[in-house]
Amino acid sequence: MLLNSLFGYEARRKRLLKKVPQGALHDFLSVPFPSEETCLSDLPILSVDFETTGLNAITDKLLSVGFVSIDKRQIKLGSCYHQIINTQHRLDADNVIIHHITDQQKSQGEPLRAVVEALLKALAGKVMLVHFARIEKQFLKQACLALYGVSPPIMILDTLAMAKRKLDQRDIAYDPQELRLSALRHKYNLPKHFAHNALNDAIATAELLLVQQKSATTKLKDLF
């Protein structure tokens, strides 16, 4: 089932490549996904985090994007990217308290297209790493539908899902709060980080993966 799923990414990538015009999405689709046999030591990864105006990808908007590359099990801080998006969506006070992005900062941000294109360029040929994939998966899907009319296949690794599988294997009850990024970092003796900043959370997720998966010979197919 897993191999069929990974093969499906490549099949869909090739189909869409024939249909989309030249541009950022075409360039992204031009690069094959990593093989399911790729070892973690050789796996090109982009750790990504989004801040949004809410949790509904249909009615809410992307507010900021942060990412950093992992290459040969090293976090490449020189690849760090963080950008606020100029969305017309009015920010609620409660939302601002969480992500600390104001309407003024938002008004000075970059257009959605420029930020999504920067993400797709960095993501080409890589696996996207996130913590709690539903947010990034759904919001990126909606952004691509709005910009290009199609949603490209994105190969995603989820540190939350990896942690959940380990807890489920114990076959005993646990508090879902144990799956929060901060809780998992504490479990692995990683330092506290300034949460709800897209770049900070992307780096924090990258660090978590490297302590979750200590074996460099672990293969991509074993991480899903």
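Figured I'd write up the structure that's included with this text. Computed from a prediction, not measured in an experiment: that's the story for all the values here.

## What about the overall build of the protein chain?
The secondary structure content of the protein chain amounts to nine helices and five strands. Seen in sequence order, the protein chain has helices and strands lined up from the N terminus as α-α-β-β-β-α-α-α-β-α-β-α-α-α. Scored against the burial criterion, the 224 residues of the protein chain give a buried share of 45%. Within the protein chain, contacts between residues at least 6 apart in sequence are counted, and of these 68% link residues at least 24 apart.

## Let's talk about the packing of helix α5 (residues 112–123) against helix α6 (residues 133–148)
Two elements in contact, α5 and α6, have axes separated by 11 Å at closest approach and are oriented at 115 degrees. As α5 runs across α6, the sense of the crossing is left-handed. Touching L112, R113, V116, E117, L119 and L120 of α5 are L140, A143, C144, L147 and Y148, all from α6.

## Some details on the environment of Y81
With respect to the element layout, Y81 can be found in strand β3 (residues 74–84). Placed 13 residues apart in sequence, Y81 and V68 show a C-alpha to C-alpha distance of 6.5 Å.

## A word on the nonpolar core
Counting 49 residues, the largest nonpolar core has F28, L43, V48, F50, M128 and L157 as its most contacted members. Examining the composition of this core, we find that seven residues originate from one element, α6, more than from any other. Filtering out sequence-adjacent residues up to four positions away, V48 remains in contact with G66, F67, L119, M128, L129, V130, E136 and A202. Judged by nonpolar contacts, the second largest core, of eight residues, contains A163, L181, L184 and A204.

## Looking at the pairing of β3
Of the strand pairs in this sheet, strand β2 (residues 62–71) and β3 are connected by seven bridges, and their pairing is antiparallel. Residue pairing in the sheet places G66 in a bridge with H82 of β3. Hairpin geometry of β2 and β3 is characterised by an intervening segment of two residues between the two adjacent antiparallel strands and by a positive phi of about 55 degrees at K72.

## Some words on helix α9 (residues 198–212)
Over its 15 residues, α9 runs 21 Å from end to end, which matches the ideal 21 Å to within 8%, given 1.5 Å per residue. The buried fraction of α9 is high, at 12 of 15 residues. Of all the residues in α9, the buried ones are A198, L199, D201, A202, I203, A204, T205, A206, L208, L209, L210 and Q212. Along its buried surface, α9 packs onto β1 (45–52), β2, β3, β4 (127–130), α7 (159–169) and α8 (181–187). Where α9 begins, one side-chain oxygen reaches toward the backbone nitrogen of L199, 3.1 Å away; that side chain belongs to N197.

## A look at a positive patch on the surface
A cluster of basic side chains, namely R12, R15, K19, K137 and K141, defines a positive patch on the protein surface. When contributions to the positive patch are tallied by element, the ones reaching two or more residues are α1 (2–17) and α6.

## Notes on the side chain of E136
Residue placement: E136 occurs in helix α6. The charged side chain of E136 is buried without a salt bridge, its nearest counter-charge being R134 at 9.1 Å. Sequence-distant contacts of E136, that is, excluding residues within four places in its chain, are made with V48, D49, F50, M128, V130 and H131.

Each value, and the rule that gives it
Residues numbered from 1 in each chain as written. Predicted model: local features only at pLDDT ≥ 70, side-chain atom pairs only at ≥ 80, totals over all residues. Heavy atoms only, no water. Helix = DSSP H or I, 4+ residues; strand = E, 2+ residues; numbered from the N terminus. Buried < 20%, exposed > 50% of the residue type's maximum accessible area, 1.4 Å probe, protein only. Contact = heavy atoms within 4.5 Å. Axes fitted to C-alpha atoms, helices over the stretch in contact; angles between N-to-C directions. Left-handed = near helix turned anticlockwise from the far one by under 90°. Core = buried A, V, L, I, M, F, W, Y, C linked by side-chain atoms within 4.5 Å. Pairing = 2+ DSSP bridges. Expected span 1.5 Å × (residues − 1). Polar contact = N/O pair within 3.5 Å; in protein donor to acceptor, adjacent residues only side chain to side chain. Patch = residues over 30% accessible without salt bridge, like charges linked within 9 Å, V, L, I, M, F, W, Y side chains within 5 Å. Areas by Shrake-Rupley, 256 points an atom, 1.4 Å probe, with all protein chains shown as cover. Salt bridge = Lys/Arg side-chain N within 4 Å of Asp/Glu carboxyl O. Lys, Arg positive; Asp, Glu negative; His and termini not counted. Charge placed at Lys NZ, Arg CZ, Asp CG, Glu CD.

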